[in-house]
Structure formats: structure tokens, C-alpha cells
Amino acid sequence: MDLEKLLDNNFSWVENKDPEFFISISKGQSPSFLWIGCGDSRGCPNTITGCDLGEIFVNRNVANQVRSDDLNLMASLQFTVEVLKVKNIIVCGHYACGGVNASFNADNGLSSVDNWIQPIRDLIKQNKVELESIDEEVRPNRMVEINVLAQVQNLMQTETIKKAWANGNSLIIYGLVFDFATGLLKKICEETGGNE
Ligand SMILES: [Zn+2]
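Residues numbered from 1 in each chain as written. Predicted model: local features only at pLDDT ≥ 70, side-chain atom pairs only at ≥ 80, totals over all residues. Heavy atoms only, no water.

A. Layout of the overall build of the chain. When its secondary structure is counted, the chain shows 10 helices and 5 strands. In summary, the chain has a C-alpha radius of gyration of 18 Å against a globular reference of 16 Å for 196 residues, a match within 12%. C-alpha extents for the chain along the principal axes are approximately 55 × 50 × 30 Å. In the chain, which comprises 196 residues, the proportion classed as buried is 40%. A sequence separation of at least 24 residues applies to 60% of the contacts in the chain between residues at least 6 apart. Put simply, the chain shows about 11000 Å² of open surface, and 52% of that area lies on carbon and sulfur atoms. (Helix = DSSP H or I, 4+ residues; strand = E, 2+ residues; numbered from the N terminus. Rg over C-alpha atoms; globule rule 2.2 N^0.38 Å. Buried < 20%, exposed > 50% of the residue type's maximum accessible area, 1.4 Å probe, protein only. Contact = heavy atoms within 4.5 Å. Areas by Shrake-Rupley, 256 points an atom, 1.4 Å probe, with all protein chains shown as cover.)

B. The nonpolar core, seen in detail. The biggest cluster of nonpolar side chains holds 36 residues, and the ones touching the most others in it are I89, L155, I161 and I173. The dominant element in this core, judged by the number of residues it contributes, is helix α9 (residues 139-156), at 8 residues. The residues touching L155, leaving out its near neighbours within four places in the chain, are I36, V66, L77, I89, V91, I161 and I173. Residues W35, I90, Y174 and F178 belong to the second largest nonpolar core, which totals 8 residues. (Core = buried A, V, L, I, M, F, W, Y, C linked by side-chain atoms within 4.5 Å.)

C. Highlighting the environment of V144. Within the element layout of this structure, V144 appears in helix α9. V144 sits in the buried class, given a relative accessible area of 3%. Through-space distance from the C-alpha of V144 to that of Q126 is 14 Å; in sequence the pair is 18 residues apart.

D. How the structure looks around the coordination of the zinc ion. For the zinc ion, the full set of protein donor atoms is C38 (SG), H94 (NE2) and C97 (SG), and the range of their distances to it is 2.0 to 2.3 Å. The sequence motif formed by the donor residues of the zinc ion is C-x55-H-x2-C. Here H94 lies in strand β3 (residues 88-94) and C38 lies in strand β1 (residues 33-38), a separation of 56 residues in the sequence. Residue classification places C38 among the buried positions, given a relative accessible area of 10%. (Donors = N, O, S within 2.8 Å, 3.2 Å for Na, K, Ca; no water.)

E. Region of interest: the sheet that holds strand β2 (residues 56-61). Strand order in this open sheet of 5 strands is β2-β1-β3-β4-β5, and the pairing throughout is mixed. Among the strands making up the open sheet, the edge pair consists of β2 and β5 (184-191). On average, each strand axis in the sheet is inclined to that of its neighbour by 20 degrees, with strand direction left out of account. In this structure, β1 lies alongside β2, joined through 6 bridges in parallel fashion. Opposite W35, over in β2, you have V58 as the bridge partner. With respect to the sheet, α9 is in contact with β1, β3, β4 (172-179) and β5, its orientation differing from that of β4 by roughly 160 degrees. (Pairing = 2+ DSSP bridges. Axes fitted to C-alpha atoms, helices over the stretch in contact; angles between N-to-C directions.)

F. Spatial organisation of unusual backbone geometry. For N64, which is not glycine, the phi torsion reads 40 degrees and is therefore positive. Position of N64 among the secondary structure elements: in the loop between β2 and α4 (71-83). In the Ramachandran plot, K85 falls in the positive-phi region, its phi being about 60 degrees despite a non-glycine side chain.

G. Fine view of the pattern of salt bridges. Under the criterion given, the structure shown has 11 salt bridges. In this structure, the salt-bridge partner of D69 is R67, at a minimum N-O distance of 3.0 Å. Take R67: its relative accessible area is 18%, and that puts it in the buried class. The partner of E82 in a salt bridge is K163, and the shortest N-O contact between them spans 3.3 Å. With E82 in helix α4 and K163 in helix α10 (residues 159-166), this residue pair connects regions lying 81 residues apart in the sequence. A residue is classified by how much of its surface remains accessible, and E82, at 28% relative accessible area, is partly exposed. (Salt bridge = Lys/Arg side-chain N within 4 Å of Asp/Glu carboxyl O.)

H. Spotlight on α9. Taking 1.5 Å per residue, 18 residues should reach 26 Å; α9 reaches 26 Å between its end C-alpha atoms and fits that length. Buried within α9 are the following residues: M143, V144, E145, I146, N147, V148, A150, Q151, V152, L155 and M156. (Expected span 1.5 Å × (residues − 1).)

Okay, here's the thing in C-alpha cells:
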């Protein structure tokens, strides 16, 4: 794939769409979901869920982390919850995640990546007993699930979510894991803040 092919694909895609669709989306967005996912090229949310443009607001990073010092994510979160009024937030990890796998190493020689995944190394330490009780081969994938559960908890601690739930907002947070080997999404948790 090169840029020329990519632009050709874009042109073909436009030709196959109803022109009214573009007029419609150019007027504004009202997505049902905020998707916080890993940036892995195999986990494009619209592709794996069959959603069209306008349906999912996306914020992705290495190993789908939720960190209050990530201004990009905090801005996306506040904007989607308070302005776009999304009612569903998905934190989606995926098995065979390079960022989670790399977190089992103390130093990968990639300074920016190593800094970014440090919280996952801490999570591995916190979950050492469980991880060491299971087969070594399945530890990385279990850690993917533990990471999603932890990031959902981090999300619940953000000012935006605490404020939304305190005000009776019925938004729901879901933790999902995507499996490249089957193409399927699995729900591993759901949080409502008591506002069902
Ligand atoms: Zn990943």
C-alpha cells in the first residue's frame, strides 16, 4: 500500500456512497459512543463494529490507557460527555497487545514507549500473584483483561465521569477486549455509576 493507492481507495469509497451521506455528516456529529482503544492497526473500531462515520468518537493510544495526565484523552472525554452528550464509553483492549506484552520487560530500549507503558508495568506488579498462578503463555492475554478493567476504573475516577454521574447522567462505561484470531469483541465489564 502506498499513498497513491490510498487516495485511489478513498475516491472509490466516495463513488460507492450516497452523496447525501456526505451532506448529512457535514452538518454535525452526534455519536453514540466514545471509544478509547489501543492504536494497533488491526483494531479500527468502525471496521470491527460495522459502524459508519459519525457513530463513534475515537481516541486511541498505545495499550488503551486512561491517564489523567493525557490531556488529549481528557479533552476528548470532556468534549464527548459534556458537549456531544455521548451515553456510552468503551475502553477496548485486544489480545496480543504489543504494548501490554512489552510491559513484561523492564526496558525495551524505546524511551517514549517505555515511559508510556510504565503504569502497565506497575499493574503487572500489583497482579503478580494472579499472573504467576496461571500458565506463562496465557499471562499476556490475561494482563490485557486486567489492563482494561484498570483503565475503566481510572476512567471512573476522572472529573468528567464523577461529575456526570453525580448529576444523574446515565452514561455507561463498558470494558471490551477484541480478539484478532476470531474477529470477535468480548464484554468484560460494565459500569453505570448507579444511574441506571
Ligand atoms: Zn495494543
